[in-house]
Amino acid sequence: MRLLIVEDESDLRLALSMALAEEGYALDTAEDGREGLYKALNWDYDAIILDLMMPEMDGWEMLERLRKEKHTPVLVLTARGELDDRVRGLDLGSDDFLVKPFEMEELSARLRAIIRRAAGKSTSVLYLRNLEVDTARKTVRVGGKPIALTAMEYALIEYLMMHCGKVVTRIDLYEHLFDEQDDSLSNVLDVHVCNLRRKLGIDCIRTRRGHGYILER
Amino acid sequence: MFRSIKWRLQAWQMLLLAAVLAVLLALHYQLRRKELVAQVDKQLRDALVIVLPVVAPPPSALPPRREPQQLPPPLADGPEQIGQDFIEQIADHDYYVMAWNAAGAEEARHGSVPADLALPDPPPAAGKQVIATRAGNRELVRHQPNGVVILVGQPLAPVYRILAATRIHLLAVGLAVMATGFAGGWLIIARVMRPLREIGQTARRIASGERNRRIELADAPVELEDMACTLNETFDHLDDAIETQKRFSADASHELRTPIAVVIAQTQAALRRDRSTEEYKAVLEACLRAGQRMKTMANSLLELNRVERIDAELLKGRHDLNTLLHETATSTALLSDLHPVEFKAAAEALWADVDGERIQQVAANLVANALQHNPDGCPIRVELRRNGGKAEIEVADGGAGIAPEHLPHLFERFFRVDKSRSREHGGAGLGLAIAKGIVEAHGGTIAVSSMPGQGTTFTIELPLA
């Protein structure tokens, strides 16, 4: 999953990046609305964390302009928690609202919720036959047996599960699993897929040559 | 109940009504009484005329004294005959007649004469008659020139009976009028009081939270319009004060939320697992920065709070503003090599009674603001001049200027043109609010003018000594 954090307060941005990176998200950051809008329009993020009070272009304007083109899930962060602001934010197309100061646990949970809602899932645990992916605990079980995965392998299976039954192109995977700092070569992705197939021990990830991968129902 | 205007008005109007009624009814009663007595008097006079020929015939025609039954048959229809008839029926008519001769001896007695009746003493002068009330009877006493005293009387009991009935009648009328007056007064007072009651109700509603409601001036009577206007203005002021206070608390809490969010997010993220010393150090540094921002904020809030009741705390002395401002301009100019500060004093000394330290604080704040916004190399101008009884201080920069829509809010607390700029510079958006508070406590004004692209000028006016 790849996130965009748009926040002008550098210490807060760093704390969010640190915590979310450790949860296995690929992260891009932006310091103001202009930069945020540019990145949000050019990459397909799984979710955007958006501060409202920012220089250059504030969160309201960025959200409004983003919504004219894209439906990326947006979690709005704001120091103003008044009803009017919350209503305005939701009306402008934000998917959720969190008032500063917030708890990191709640932020993570809300983030997971808007991501899986966008993928059409309603609970944090995803099932496919005897495969079970718990997106809250970041664990994978096969037939009830826990499987130890690296962060990248987990991110890969989680993304495939979210888009289960659909072909996921290699470009999609690059866009959603790596952030702008990563410069992994394309064969690295194949290595991760290969390892994942081996660890899960089930042949569920099919390769569609020339297209990408698919997790068949 | 007696503190209610309605009841007081009602009581006064009932008192007034009762007084007027009492006078009128008493007058009516007296007239009626006089009229009735006058009737009796007339009857007595008539009776006297009728009985006179019988009881006290004129001396010329005076026959030898005889018993009444020995009287010769009088001429039919003559006055004597009429008198005789009258005397015979005297008991039926409730009259009584008595006569005394000149010697004071009883001469005649007719009808039911009261037992205690005696020759009036002294009798009226000869040839006169007197009418008077005695022991419930009306009596007419005539002293004939020949010395005979004749008394014709009639009990007043029938008159008293009529008067008693009249009293009851009048009492009933009085009560009826009072009742009508009470009901009518009640309705009228209620009508008159209605606007007052409505104003009260509106005020209560406002007090209980409907802050947008106001008293309708259109249907208030002219007498209440002033009061209603004043009330409405008071409500407006209170409303403004509440709004300002609310905004202030909202702003203050909002300003504190971001640094608190930094502390919580940094520490929670750091505590998720063991970290290297460098990572912990970075977290602590971020927390320290957030803490310092909160400290600045708290100090500014305290300062602002102090400025609001600064009048009592001003340490005023007589200062030459030229000297004060020159000190400030030179000391702040040292802060920046990039921006020369041009100081231009007034041609004459500007003596004013001010708190020198506070005025320097304001000037330093304006110069520091100008330094922040000025492009490199562009001078900042600090200029003083006299304008009538006032001193004008101008602080101008050649910066980017301020958009017209921001100008009205510039002196409001927590207002920042650039929402994030202060995070770099450490300001809380309170400096100009504090400056305004200080200048106004000195009886002066502070204003700003700005043209985008051509710089901003702050102008302070202070009264001279």
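What counts, and at which threshold
Residues numbered from 1 in each chain as written. Chains lettered and ligands numbered in written order. Predicted model: local features only at pLDDT ≥ 70, side-chain atom pairs only at ≥ 80, totals over all residues. Heavy atoms only, no water. Helix = DSSP H or I, 4+ residues; strand = E, 2+ residues; numbered from the N terminus. Buried < 20%, exposed > 50% of the residue type's maximum accessible area, 1.4 Å probe, protein only. Areas by Shrake-Rupley, 256 points an atom, 1.4 Å probe, with all protein chains shown as cover. Contact = heavy atoms within 4.5 Å. Buried area = accessible area lost by both parts, 1.4 Å probe. Salt bridge = Lys/Arg side-chain N within 4 Å of Asp/Glu carboxyl O. Pairing = 2+ DSSP bridges. Axes fitted to C-alpha atoms, helices over the stretch in contact; angles between N-to-C directions. Lys, Arg positive; Asp, Glu negative; His and termini not counted. Phe/Tyr/Trp six-rings, centres within 6.5 Å; stacked < 30°, edge-to-face > 60°. Lys NZ or Arg CZ within 6 Å of the ring centre and 35° of its normal. pLDDT = per-residue confidence, 0-100. Expected span 1.5 Å × (residues − 1).

Student: I'm lost on the overall build of chain A in this one. Help?
Tutor: Check the secondary structure of chain A and you find 8 helices and 12 strands. Looking at chain A residue by residue over its 217 residues, the buried ones come to 52%. Accessible surface computed for chain A: about 9,900 Å², of which carbon and sulfur atoms make up 48%.

Student: Even after reading the chapter, I still don't get the environment of Arg 13 of chain A, so can you show me in this structure?
Tutor: Residue and element names in this part refer to chain A. With respect to the helices and strands, the residue Arg 13 is situated in helix H1 (residues 10-22). Spatially, the C-alpha atoms of Arg 13 and Ala 30 are 8.8 Å apart, while their sequence positions differ by 17 residues. Other than its neighbours up to four places away in sequence, Arg 13 contacts Ile 5, Glu 7, Asp 8, Thr 29, Ala 30 and Glu 31.

Student: Would you mind going over the interface of chain A and chain B with me for this structure?
Tutor: Frequently, the measure chosen for interface size is the accessible area removed from exposure when the parts meet. Contacts between the two partners involve 23 residues from chain A, matched on the other side by 25 residues from chain B. When the two sides are added together, the surface that chain A and chain B hide from each other amounts to roughly 2,200 Å², 53% of it contributed by carbon and sulfur. Of all residues in chain A, Asp 11, Glu 22 and Pro 101 of chain A give up the largest surface area on contact with chain B, accounting jointly for 25% of the area buried on that side. Taken together, chain A and chain B are joined by 6 salt bridges. The residue Arg 275 of chain B makes a salt bridge to Glu 22 of chain A at a minimum N-O spacing of 2.4 Å.

Student: What is the right way to look at the sheet that holds strand S2 (residues 26-30) of chain A in this model?
Tutor: Two pairing modes exist for strands in a sheet, parallel and antiparallel, and in both the strands are linked by backbone hydrogen bonds. Residues and elements named next belong to chain A. Read from one edge to the other, the open sheet built from 5 strands follows the order S2-S1-S3-S4-S5, with strand pairing classed as parallel. Since the sheet does not close on itself, it has two edges, and those belong to S2 and strand S5 (96-99), each with one partner. Strand-to-strand twist of the sheet, defined as the mean angle between neighbouring strand axes without regard to direction, takes the value 20 degrees. Relative to strand S4 (residues 74-78), strand S3 (residues 47-51) runs parallel, the two sharing 4 bridges. Among the inter-strand pairings, Leu 50 is bridged to a residue of S4, identified as Val 76.

Student: For this particular structure, what's the right way to read the side chain of Lys 6 of chain B?
Tutor: Looking at where Lys 6 of chain B falls in the secondary structure, it is placed in helix H1 (residues 5-55). The side chain of Lys 6 of chain B sits in the buried core without any salt bridge; Glu 198 of chain B is the nearest counter-charge, 13 Å away.

Student: Is there a simple way to explain the packing of aromatic side chains in this structure?
Tutor: Two aromatic rings, taken as a pair, are described by how far apart their centres are and by the angle between their planes. Evaluated as defined, the whole model comprises 4 aromatic pairs over all chains. Taking 6.2 Å as the distance between ring centres and 85 degrees as the angle between the ring planes, the aromatic pair formed by Phe 411 of chain B and Phe 458 of chain B counts as edge-to-face. Of the two residues, Phe 411 of chain B is situated in the loop between strand S10 (390-396) and helix H8 (421-425) and Phe 458 of chain B in strand S12 (residues 455-463); the sequence distance between them amounts to 47 residues. Positioned over the ring face of Trp 60 of chain A is Arg 88 of chain A, at 3.9 Å from the centre of the ring.

Student: I'm lost on the confidence of the model for chain B in this one. Help?
Tutor: Low pLDDT means the predicted coordinates in that region are not meant to be read closely. All names here are of chain B. Of the residues in chain B, 90% have a pLDDT of 70 or more, and the chain-wide mean is 82. At the level of individual helices and strands, chain B shows its lowest average pLDDT in H8, which scores 49, and its highest in S12, which scores 90. Predicted as a complex, the structure gets a pTM of 0.55 and an ipTM equal to 0.76.

Student: How should I be thinking about helix H7 (residues 356-373) of chain B in this particular structure?
Tutor: Each α-helix winds once per 3.6 residues, and so residues spaced three or four apart point in a common direction. The first and last C-alpha atoms of H7 of chain B sit 26 Å apart over 18 residues, in line with the 26 Å expected at 1.5 Å per residue. Along H7 of chain B, the positions that sit buried rather than exposed are Gly 356, Arg 358, Ile 359, Gln 360, Val 362, Ala 363, Leu 366, Val 367, Ala 370 and Leu 371 of chain B.

Student: What should I look at first to understand the environment of Trp 60 of chain A in this one?
Tutor: Residue and element names in this part refer to chain A. In this fold, Trp 60 is placed in helix H3 (residues 59-67). For Trp 60, a relative accessible area of 12% gives the class buried. Between the C-alpha atoms of Trp 60 and Leu 50, which are 10 residues apart in sequence, the distance is 9.3 Å. With sequence-adjacent residues up to four places away left out, Trp 60 is seen in contact with Leu 52, Asp 85, Arg 88, Gly 89 and Leu 92.

Student: Even after reading the chapter, I still don't get the sheet that holds strand S6 (residues 125-128) of chain A, so can you show me in this structure?
Tutor: Residue and element names in this part refer to chain A. Taken in spatial order, the 4 strands of this open sheet run S6-S7-S8-S9, and their pairing is antiparallel. Each having just a single partner strand, S6 and strand S9 (145-147) make up the two edges of the open sheet. For this sheet, the mean inter-axis angle between neighbouring strands, taken without regard to orientation, is 25 degrees. Contacts between helix H6 (residues 151-162) and the sheet are confined to S6, strand S7 (131-134) and strand S8 (139-142), with S7 contributing the most and set at about 105 degrees to the helix.

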